[in-house]
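Reading the structure
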Amino acid sequence: MFCIVLTNSYLCTLFLLMDNKQSTLELGTKPVGSLLAQYALPAIVAMTASSLYNIIDRAMIGQMVGPEAIAGLGITFPFMNLSGAFGAAVGVGASTCISVNLGQRNYKRAEYLLGNTVTLNLIIGFLFMAVCLLFLDPILLFFGASEVTLPYAREFMTVILLGNMITHMYFGMNAVLRAAGKPRHAMYATLFTVGCNILLVIAFVWWLRWGIRGAALATVTSQTLALCWQMWIFSDKNELLHLKRGIYRLKSDLVRNIISIGISPFLMNATACVVVIFMNNQFVHYGGDMAVGAYSIANSVVMVLFMFVMGMNQGMQPIVGYNYGAEKFDRMFRCLWQTIAVSTAILLVGWLLSMLFPLQIARVFTTDETLLTMSARGIRLNMLVFFVVASQAVITNFFQCIGKVKISIFLSLSRQLFLLIPMAYIFPMFLGLDGVWYSMCASDFCSFAMTLPLLFWYMKRLKKS
């Protein structure tokens, strides 16, 4: 009897492992359109839900705490981008490496990559928290805070930084879930985080009146609960990738691979941090604290729409990475073009809504007439050619997925660092506050014009080789 139980248990484990491997192998055999829908839709749902949370979060802060709090929250964007930069360097780099190794059937190496992801997230998350808490006020002042907005920004970021290790680990594990062929689980984790976040924001901000600190506490608490569930999934020994002893010790070759691929999203997020710092200072200089608040609102609208593109990119990543590793280049490029087409269509819808209803969109965040007027104009000017960003973002992510780090880094930096900052410095000299807004749409279009030729050059080169 004991032997029968053991045999049944072994067979169940074997069948589960075979099922896990089969779901991974489908990345190289299933029709690309079906795969993209299977992987991208959960990511889009999750990212959209996350965007809606951000909208609700900022709307409640703006309506209940005041326009100064919205401006203070805008000052924290560079901090969030910088934290995200370090998280992306590990999470995106590791998930891409895992996808490629799964495509090459190197399951043992993929498991060691999982363990090294956990260790790196803990180390980097702790160091970032310690350094930033030590110099919090000087950093916020450098980011563009004034005497009015500094208390709000400090109150929010203190709580966020204390939970920074949790945030890094949560996003890193979600990226690995998608790479391991579990896009729905990644979606469930995000949806749970968002739902829990909204309930806690209502409780902390509206009911308990904890203000901007309550919003930050809601974020960290919900991510902590979601991380517990993620770690429980990866603790299951029946999973193809699971946590076990001996995989957490950092290996130099694995860390190099993770960082070499993760350097592109790191630089993209770090550059976004530099850009937001510069833009905050430009808005303060040409329009005051209310202009920073308008930038915060316009940025929230952009992020809601861009989350759809990020969801498509996340769905594309394991498909492209796997097929590149398996040398199935026709499937790889088919996935790329379908991702570009869908992403562009989504941003066109967002562009149309922003052009027609900017005032109604801004009214979600504030009732202050000055801030309303500035935000509505900012939304329109910022979104003038935003639909072209879809191609630029997808192609940049494509080069990152196949390990072409130098190209990905160049494309990441071109839109924000090489184009936007010089334009945002020069345009306002002639156009005032409007010049700051126009610089964003001008850099979007110029970066789009640079990206397509690089893609065609690579395709031609790959066909020859």
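Throughout, residues of each chain are indexed from 1 in the direction in which the sequence is written. Note on the predicted model: pLDDT of at least 70 is required for a residue's local features to be given, and 80 or more for side-chain atom pairs to be given and counted; whole-chain, interface and lining totals, by contrast, use all residues. Note that water and hydrogens are dropped before the side-chain values are worked out from all heavy atoms of the structure.

So, the overall build of the chain
For clarity, the threshold we go by: Helix numbers and strand numbers start at the N terminus; a helix is a DSSP run of H or I with at least 4 residues, a strand a run of E with at least 2. Here the globule rule reads 2.2 Å times residues to the power 0.38, and the radius of gyration is calculated from C-alpha atoms. Using a 1.4 Å probe on the protein chains alone, a residue whose accessible area is under 20% of its type maximum counts as buried, one over 50% counts as exposed, and one in between counts as partly exposed. All accessible areas in this document rest on Shrake-Rupley with a 1.4 Å probe, and a residue is counted as covered only by the protein chains that are shown. Note that His is not counted, nor are the chain ends; the positive residues are Lys and Arg, and the negative ones are Asp and Glu. Charged groups are reduced to one reference atom each: NZ for lysine, CZ for arginine, CG for aspartic acid, CD for glutamic acid.
When helices and strands are tallied, the chain shows 18 helices and zero strands. A compact globule built from 465 residues should have a C-alpha radius of gyration of about 23 Å, and the chain, at 22 Å, falls within 12% of that. The C-alpha extent of the chain, read off along each of the three principal axes, is 75 × 55 × 40 Å. Sorting the 465 residues of the chain into buried and exposed places 56% on the buried side. Total accessible area on the chain is roughly 19,500 Å²; 69% of this is exposed by carbon and sulfur atoms. In the chain, 31 side chains carry a positive charge and 18 a negative one; their mean positions are 14 Å apart.

Let's talk about a nonpolar patch on the surface
Quick note on the threshold: Patches here: salt-bridge-free residues with over 30% relative accessible area, like charges joined within 9 Å, nonpolar side chains (Val, Leu, Ile, Met, Phe, Trp, Tyr) joined within 5 Å. Salt bridge, as applied in this entry: a Lys or Arg side-chain nitrogen positioned within 4 Å of an Asp or Glu carboxyl oxygen.
Residues I202, W206, W207, L208, W210 and L217 make up a contiguous nonpolar surface patch of about 640 Å² in total accessible area. When residues in the nonpolar patch are grouped by element, the largest group, three residues, is from helix 9 (residues 183-207). With respect to the element layout, L217 can be found in helix 10 (residues 211-234). Relative accessible area serves as the criterion here: at 32%, L217 is assigned to the partly exposed category.

Quick look at helix 11 (residues 252-287)
As a reminder, the rule being used: Here the expected span of a helix is defined as 1.5 Å times the quantity of residues minus one. What the bend at a residue measures is the angle between two axes, fitted to the seven residues ending there and to the seven starting there.
With 36 residues, helix 11 extends 49 Å from end C-alpha to end C-alpha; this agrees with the ideal 52 Å at 1.5 Å per step. Maximal helix bending in helix 11 amounts to about 40°, located at G262; proline P265 follows within four positions. Just downstream of helix 11 lies G288, where phi reads positive at about 80°.

Side note on the packing of aromatic side chains
Test applied: We call Phe, Tyr and Trp rings a pair once their centres come within 6.5 Å, taking the six-membered ring for Trp, and we label the pair stacked below 30 degrees between planes, edge-to-face above 60, and tilted otherwise. Over a ring means this: the NZ of a Lys or the CZ of an Arg is within 6 Å of the ring centre and within 35 degrees of the ring normal.
With the rule as written, the count across this model stands at 16 aromatic pairs. Ring geometry for F283 and Y295: centres 4.8 Å apart, planes at 25°, overall stacked. One end of the pair, F283, is in helix 11; the other, Y295, is in helix 12 (residues 289-325), with twelve residues separating them in the sequence. Each of the two residues, F283 as well as Y295, counts as buried. Here the aromatic rings of F410 and F418 are separated by 6.4 Å at their centres, their planes lie at 40°, and the arrangement is tilted. Looking at F410, the relative accessible area reads 35%, which means it is partly exposed. In this structure F418 comes out as partly exposed when scored by relative accessible area, which is 46%. A cation over an aromatic ring shows up here: K251 above the ring of Y112, its NZ or CZ 3.8 Å from the ring centre.

A word on unusual backbone geometry
Although it is not a glycine, R209 sits at a positive phi angle of roughly 60°. The exposure class assigned to R209 is exposed, which follows from its relative accessible area of 57%. Even without being glycine, E327 reaches a positive phi, approximately 60°. With respect to the helices and strands, the residue E327 is situated in the loop between helix 12 and helix 13 (329-356). Overall, E327 belongs to the exposed group, its relative accessible area being 61%.

Section: the confidence of the model for the chain
One rule of thumb: low pLDDT means the predicted coordinates there are not for detailed reading. Convention followed: Scored from 0 to 100, pLDDT reflects the predictor's confidence in each residue. By definition, residues are in contact when any of their heavy atoms lie within 4.5 Å.
When pLDDT is averaged across the chain, the result is 84; 94% of the residues are at 70 or more. Confidence, read as mean pLDDT per element, is least for helix 1 (residues 2-25) in the chain (39) and greatest for helix 13 (94). Taken as a whole, residues 1-20 scores under 50 in pLDDT and shows nine contacts with residues more than four places along the chain or in a different chain.

Quick word on the state of the cysteines
As a reminder, the rule being used: By convention in this document, the label disulfide applies to cysteine sulfur atom pairs within 2.5 Å.
Evaluation of the coordinates by the stated rule reveals zero disulfides. C446 provides the cysteine sulfur closest to C441, a residue in no disulfide bond, and the two sulfurs are 9.7 Å apart.

Structural notes on the environment of Y322
Looking at where Y322 falls in the secondary structure, it is placed in helix 12. Along the chain, Y322 and V394 lie 72 residues apart, while their C-alpha atoms are 17 Å from each other.

With respect to the nonpolar core
Let me state the cut-off plainly: As used in this record, nonpolar core signifies buried Ala, Val, Leu, Ile, Met, Phe, Trp, Tyr and Cys residues forming a set joined through side-chain atoms within 4.5 Å.
Membership of the largest hydrophobic core comes to 101 residues, with the highest contact counts inside it found for F79, L140, F283, M316, F398 and F399. Tallying contributions element by element places helix 12 first for this core, with 18 residues. Excluding residues that lie within four positions of it along the chain, F399 makes contacts with K404, I407, S408, L411, L454, L455 and Y458. In this structure, M173, A179, A186 and V255 belong to the second largest nonpolar core, which totals 28 residues.

Things to note about the pattern of salt bridges
Taken as a whole and assessed by the stated rule, the structure comprises six salt bridges. The residue D330 makes a salt bridge to R334 at a minimum N-O spacing of 3.4 Å. With D330 and R334 both in helix 13, this residue pair falls four residues apart, about one helical turn. Salt-bridge contacts for D434 lead to R377; the nearest nitrogen and oxygen are separated by 2.7 Å. Of this pair, D434 sits in helix 18 (residues 433-464) while R377 sits in helix 15 (residues 369-382), placing them 57 residues apart in sequence.

So, the packing of helix 15 against helix 18
Worth spelling out the cut-off: Structural elements are reduced to axes, namely lines fitted to C-alpha atoms, with helices fitted over the stretch in contact, and the angle between N-to-C directions of any two is expressed from 0 to 180 degrees. We call two directions roughly parallel when the angle between them is under 35 degrees, roughly antiparallel when it is over 145, roughly perpendicular when it lies between 65 and 115, and oblique otherwise. Take the far helix as the reference: if the near one is turned anticlockwise from it by less than a right angle, the crossing is left-handed, and if turned clockwise, right-handed.
In the contact formed by helix 15 and helix 18, the axes pass within 8 Å of each other and the chain directions differ by 25°. With respect to their mutual orientation, helix 15 and helix 18 come out roughly parallel. Here the hand of the crossing between helix 15 and helix 18 comes out right-handed. Contacts from M374, R377, G378, L381 and N382 of helix 15 reach helix 18 at L433, D434, W437, Y438, M440, C441 and D444.

Considering the packing of helix 16 (residues 389-401) against helix 18
Put simply, the rule is: Asp, Glu, Lys and Arg are counted as charged, while Ala, Val, Leu, Ile, Met, Phe, Trp, Tyr, Cys and Pro are counted as nonpolar; the rest, among them Gly, fall into the polar class.
For the pair helix 16 and helix 18, the least separation of the axes is 9 Å and the interaxial angle reads 40°. Classified by the interaxial angle, the pair formed by helix 16 and helix 18 is oblique. Of the two possible hands of crossing, helix 16 and helix 18 adopt the one that is left-handed. Where helix 16 approaches helix 18, its residues V389, S391, Q392, I395, F398 and F399 are matched on the opposing element by D444, S447, F448, T451, L452, L454, L455 and Y458. Across the contact of helix 16 with helix 18, the residue classes tally to nine nonpolar, four polar and one charged.

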